[in-house]
Amino acid sequence: MEKWIRLRVCAIFIHCLLLLEAKLKIEGTAGDVLEDDPVGRLKVFVYVLPSKYNEDMIKKDPRCLSHMFAAEVFMHRFLLTSPVRTLDPEKADWFYVPIYPTCDLTKEGLPLPFRSPKMMRSAIQEIASNWPYWNRTEGADHFFVVPHDFGACFHYQEEIAIERGILPLLQRATLVQTFGQKNHVCLKDGSIVIPPYASPQRMHAHLLPPDIPRSIFIYFRGLLHDGINDPEGCQYARGARASLWLNFKNNPIFDISTEHPTTYYEDMQRAIFCLCPLGWAPWSPRLVETVIFGCIPVIIADNIVLPFADAIPWEDIAVFVAEKDIPKLDTILTTIPAEVILRKQKLLANPSMKQAMSFSQPSKPGDAFHQILNGLARKLPHDSSVYLKPGEKVLNWTAGPVTDLYPW
Amino acid sequence: MKQSEPQHPNRRASNAAAAAGAFRSSSAVEGVAALDGAALKYPGFLFSPAVHVLCCLLSAAAGFRFSRLIFLLFFSPSPPSSLLNHYNVPFLRQAPAAVLPPPSPIAPSSRVVVGRHGIRVRPWPHPDPAELGRANEILARVQQEQRLQYGVKDPRPVLVVTPTYARTFQALHLTGLAHSLMLVPYPITWLVVEAGGPSNQTAALLARSRLHVIHLPFHEKMPVLWSDRHRFEARMRLHALRLIREQRLEGLVLFADDSNVHSTELFDEIQILEWMGALSIGMLSHSAATDTEPRRQQRETDKENSPLPIQGPACNSSGHLIGWHTFNSLPLGHNDATFVGDGATGLPIKLEWAGFVLNSRLLWKDAEGKPDWVRDLDEVGIGGEEMESPLDLLKDASFVEPIGDCGKKVLLWWLRAEARYDSKFPTGWVIDPSPEIVVPAKQTPLAQAPPDIPIKKTASDEVHVEERVSKKGRSSRSKRNSCNKKKHEQHAEAKCQTS
């Protein structure tokens, strides 16, 4: 009898261990919220703006649908058909302004931020004059998607972006942006940091079967020296990328180069660590690609705020290396115990993790659109300070550089 | 906009830094502005310009600017920001640009500063062997985990049958095969059949592989003609198959000839085998110079043939076996009198043994589930009947399973390369004791007669030697050019650190 009891206890114990081992849950600081369903938790009203703010820009340049700033376009399209959309603004918790400020592209496809502040101002004037909801809260229950380099600072050069600061009219609104850095002007409290857009179809077209052995230790492909904008090499990436190259170009465990091979996605799936150093801005679509392909991201960007940081436990998944520790990067990465690496890979293999970083079309539950809505839902109910007393004015419509006040 | 306030000193200084470009061009005005804005805690406004003038004079005298360095070291607020740059170049050049705008006292200490930064390079940026070892261990562990998760569940052991005999190239071929087998993650039993009886050389090579080896002697000498050799090898393999049958060894039987090249994917692909499988082999044998044809004609016939002849199963579009791709040796001037060791590589027969894999249960006397389209091993090979290929074991060849994506993947390369008949090699490839006096030979050992067959000497041998020499000269020249190029690159990269 005793033997049977002992056997049974052992069996139950082993079973529990296996269950715990199998359930590698992804829990961020907000808890296990990656699989939350936002439908029913919030209502979003989508303003109808004249097409010169949105559709016309796409017609002028369809590259806006595939570059890394395309989140603004796809968020609009998602909200138009989403069940959280309400056509009655009185019932809405959040108001969305469909404007594509990053769609003004140069010949090479880089967005020009010079007209974006004027465009934003003009759009806000439009909604403030046609609907009463902006003036009711001065934009505190409105959200905007601003996926540019430094968010709503609307400039690609960091010094000038810091100087400009966030557009004064957006001071009270919630900003959904890709840029995130602690104690930085261009990230205000309450912003939602999202991943940049990377085409899910393109990435899925290059998926390899998971039994292909991972044989590259550290992988990186990207610009290491920006010869056009920073020929001396002392400013780009705060010297981090140049340091990587000079320290590790002869190191056989590092596979880093500037060439862009056709097998870029396949190579990422054969690598254990993929470096994600900062460039001119700390964020890059490389992080999204790394997560989708199961390569452990090595984040080299001091004080960066990663997307959906309250829902995704980045410390458990990624490896963070300070910029000053780049010369010791090889030691750092080779002394990580193998069990930790295997655990990180298991967390990355979790499909909810990959889903949360992609803007899938059509939208699937748990994808980036839903995470944005979850983030907005977590900020509800609105604080009473959001609603202004009649006659109270907080925003200064004439603040900011003089050129911003010109009509768009 | 309260966050914009602390930006002012940074903004001014960083703008100045960005606008300046080279530090040598920054003027005294900028220096004073930075000093003022940086909230350095020293008294009086007259003191700073006076010291500055003094430093300027001293710099002019000494030949390099050190004012900023001194101020940074002696007067900067504590602690200097963590972005102080380390330079591995000794302090010979102009003052290192360790100038970052000192952090504003209001901002928290974790602030990351915009502006010029140096590039940190450690003094010895070369890999450390212990680290490489650790990285490889991590790679091995990750791949093992991948195999556990996504690879074959319940892997079956592999029985490798290899006919061999002691000769010059035996060490070359057997070592290569041993290394391939050592990389396979499944349990392996290596049945080595040696012609001419067991020899110490073979035993030594096999012992070094640390695999489970069954060394079977076959007491007949290996024949000299290629055509005889194929039949002889078949008999040797049958000998090994009979042992598998007697001892009822379990696993998948793979025919690995010692000179073939195997891909590690081969061992993964055969795990799904049920009874008998066929795979595609690439033939590496036809590009040899025969004694009869001159070289130019040889190259033309090469171009007419396909780039790499492949032997293996042929499938239709739905993945079913419909036939075989075999080797056609007619256009290559196959000479019946070719013997092993005349300098040419051997030619394969129609269907090589290496292209087939069997389940060992097919060979057992009574195995459960053994299909009825298989003949018993005892009926075959005895009484003068010869087995040319494992297909002779089957009554119906249509039950063979094609392996490797229906034969589209080439998993194995067939090669027969043997040394010249008069080649000599030291026993065990060890020169022991080492020779005390080494005298260069007066002539190459070409004079000896071959076994039984008369020599046909041609002018092609001398031509061959000359070509080899000229090729060597060319390669050494190109090496020198690449060295020069590397030096230029290093100069360009080192520029930013010292500016």
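The rules we used
Residues numbered from 1 in each chain as written. Chains lettered and ligands numbered in written order. Predicted model: local features only at pLDDT ≥ 70, side-chain atom pairs only at ≥ 80, totals over all residues. Heavy atoms only, no water. UniProt positions renumbered as here; feature names shortened; annotations may be inferred. Helix = DSSP H or I, 4+ residues; strand = E, 2+ residues; numbered from the N terminus. Buried < 20%, exposed > 50% of the residue type's maximum accessible area, 1.4 Å probe, protein only. Contact = heavy atoms within 4.5 Å. Areas by Shrake-Rupley, 256 points an atom, 1.4 Å probe, with all protein chains shown as cover. Buried area = accessible area lost by both parts, 1.4 Å probe. Salt bridge = Lys/Arg side-chain N within 4 Å of Asp/Glu carboxyl O. Polar contact = N/O pair within 3.5 Å; in protein donor to acceptor, adjacent residues only side chain to side chain. Phe/Tyr/Trp six-rings, centres within 6.5 Å; stacked < 30°, edge-to-face > 60°. Disulfide = S-S within 2.5 Å. Pairing = 2+ DSSP bridges. Axes fitted to C-alpha atoms, helices over the stretch in contact; angles between N-to-C directions. Expected span 1.5 Å × (residues − 1). Patch = residues over 30% accessible without salt bridge, like charges linked within 9 Å, V, L, I, M, F, W, Y side chains within 5 Å. Right-handed = clockwise from strand over helix to strand, strands pointing away. pLDDT = per-residue confidence, 0-100.

The name an unreviewed UniProt entry gives chain B is Glycosyltransferases, with Canna indica as the organism. For the record of chain B, the UniProt heading Sequence similarities (unreviewed entry) holds the text "Belongs to the glycosyltransferase 43 family." The Function (unreviewed entry) field of the UniProt record for chain B holds the comment "Involved in the synthesis of glucuronoxylan hemicellulose in secondary cell walls."

In the nomenclature of an unreviewed UniProt entry, chain A corresponds to Beta-1,4-xylosyltransferase IRX10 from the organism Canna indica. The UniProt entry for chain A carries the following comment under Sequence similarities (unreviewed entry): "Belongs to the glycosyltransferase 47 family." For the record of chain A, the UniProt heading Subcellular location (unreviewed entry) holds the text "Golgi apparatus membrane".

Undergrad: Describe in detail the overall build of chain B, supporting the description with residues and values.
TA: Helix and strand counts for chain B come out as 12 helices and 12 strands. Out of the 499 residues belonging to chain B, those deemed buried represent 39%. If you take every contact in chain B between residues at least 6 apart in sequence, the share linking residues at least 24 apart comes to 74%. By element, 58% of the accessible surface of chain B is carried by carbon and sulfur atoms, the whole surface being about 29,000 Å².

Undergrad: So what's going on with the overall build of chain A? Which residues, and what values?
TA: Across its full length, chain A holds 15 helices and 10 strands. A total of 408 residues make up chain A; the buried ones form 58% of that total. For chain A, restricting intrachain contacts to residue pairs at least 6 apart in sequence, the fraction spanning at least 24 positions comes to 72%.

Undergrad: Lay out the interface of chain A and chain B with the relevant residues and their values.
TA: Each partner contributes residues to the interface: chain A has 53 residues there, and chain B has 42 residues. Buried surface at the junction of chain A and chain B, summed over both partners, amounts to about 4,300 Å²; 60% is from carbon and sulfur atoms. Summed over the three residues of chain A that lose the most area to chain B, namely Glu 232, Cys 234 and Leu 246 of chain A, the buried surface amounts to 13% of that side. Seen at the junction of chain A and chain B, the total is two salt bridges. Remark: the boundary between chain A and chain B carries 12 residue pairs in polar contact (both at pLDDT 80 or more).

Undergrad: Summarise the pattern of salt bridges; cite the residues concerned and give the values.
TA: Residues and elements named next belong to chain B. In this structure the tally under the stated criterion is 28 salt bridges over all chains. One salt bridge connects Arg 235 with Glu 220, and the closest N-O pair in it is separated by 2.7 Å. With Arg 235 in helix α8 (residues 226–247) and Glu 220 in the loop between β3 (212–218) and α8, this residue pair connects regions lying 15 residues apart in the sequence. Residue Glu 233 pairs with Arg 416 through a salt bridge whose shortest N-O separation is 3.1 Å. You can see Glu 233 sitting in helix α8 and its partner Arg 416 sitting in the loop between β12 (410–414) and α12 (460–498), a full 183 residues away along the chain. Shared partners join several salt bridges into a network, and the residues in it are Glu 233, Arg 237, Asp 257 and Arg 416.

Undergrad: Go over the packing of aromatic side chains, please, and point to the residues and values.
TA: Residue and element names in this part refer to chain A. Taken as a whole and assessed by the stated rule, the structure comprises 27 aromatic pairs over all chains. Aromatic side chains Phe 45 and Phe 95 sit 5.9 Å apart centroid to centroid with 70° between the ring planes, which places their arrangement in the edge-to-face category. Here Phe 95 lies in strand β2 (residues 94–96) and Phe 45 lies in strand β1 (residues 44–46), a separation of 50 residues in the sequence. By relative accessible area, which is 7% here, Phe 45 ends up buried. Looking at Phe 95, the relative accessible area reads 0%, which means it is buried. Taking 6.2 Å as the distance between ring centres and 80° as the angle between the ring planes, the aromatic pair formed by Trp 94 and Phe 143 counts as edge-to-face.

Undergrad: For the state of the cysteines, give the residues involved together with the corresponding values.
TA: Here is the idea: a disulfide is a covalent bond, and it sits between the sulfur atoms of two cysteines. All names here are of chain A. Scanning the entire structure with this criterion turns up four disulfides over all chains. Here Cys 274 connects covalently by a disulfide to Cys 295, the sulfurs 2.1 Å from one another. Since a negative S-S torsion denotes a left-handed disulfide, the Cys 274-Cys 295 link at about 105° is right-handed. Residue Cys 274 is found in strand β8 (residues 271–277), and its partner Cys 295 is found in the loop between α10 (286–292) and β9 (296–300); the two are separated by 21 residues along the sequence. Residue Cys 274 is classed as buried on the basis of its relative accessible area of 1%.

Undergrad: Run through the sheet that holds strand β3 (residues 142–145) of chain A, naming residues and quoting values.
TA: Residue and element names in this part refer to chain A. The five strands lie next to each other as β1-β2-β3-β4-β5, forming an open sheet whose pairing is parallel. Looking along the sheet, the strands with just one partner apiece sit at the ends: β1 and β5 (192–193). Pairing between strand β4 (residues 174–177) and β5: two bridges, direction parallel. The partner of Gln 177 across the bridge, within β5, is Val 193. Lying over the sheet, helix α3 (residues 71–80) contacts β1, β2 and β3, oriented at roughly 135° with respect to β3.

Undergrad: Which residues make up helix α5 (residues 129–150) of chain B, and what values do they have?
TA: Across its 22 residues, α5 of chain B extends 31 Å between first and last C-alpha, which sits within 8% of the 32 Å expected from 1.5 Å per residue. For α5 of chain B, the secondary structure elements touched by its buried residues are β6 (216–221), β8, α12 (329–334) and α13 (338–349) of chain A.

Undergrad: Hey, could you go over helix α6 (residues 170–182) of chain B for me, with residue numbers and the actual values?
TA: Residue and element names in this part refer to chain B. Counted at 1.5 Å a residue, the expected span for α6 with its 13 residues is 18 Å, and the 18 Å between its end C-alpha atoms agrees. Taken residue by residue, α6 has Gln 170, Ala 171, His 173, Leu 174, Leu 177, Ala 178, Ser 180 and Leu 181 as its buried positions. On its buried face, α6 sits against β1 (158–165), β2 (188–195), α7 (200–208), β5 (261–262) and α9 (264–269).

Undergrad: Tell me about a nonpolar patch on the surface, residues and numbers included.
TA: Residue and element names in this part refer to chain A. A surface patch of nonpolar side chains, about 610 Å² in accessible area, is lined by Met 1, Trp 4, Ile 5, Leu 7 and Val 9. Take Leu 7: it is sitting in helix α1 (residues 2–22). Judged by its relative accessible area of 47%, Leu 7 is partly exposed.

Undergrad: Lay out the pairing of strand β7 (residues 254–257) of chain A with the relevant residues and their values.
TA: Put simply, side chains in a regular strand alternate between the two faces of the sheet. Residue and element names in this part refer to chain A. The pairing of β6 with β7 spans four bridges and is classified as parallel. What sits directly across from Tyr 219, in β7, is Asp 255. As for the winding sense of the linkage, the β-α-β connection from β6 through helix α8 (residues 240–248) to β7 is right-handed.

Undergrad: Which residues make up the confidence of the model for chain B, and what are the values?
TA: Residues and elements named next belong to chain B. Overall, the prediction assigns chain B a mean pLDDT of 70, with 60% of residues at 70 or greater. Throughout residues 77–110 the model reports pLDDT below 50, and contacts reaching past four residues in sequence, or to other chains, amount to 54 contacts. Scored below 50 in pLDDT, residues 287–293 shows 12 contacts in the model against residues more than four places distant or in partner chains. Scored by ipTM, the complex comes to 0.86, with pTM at 0.68.

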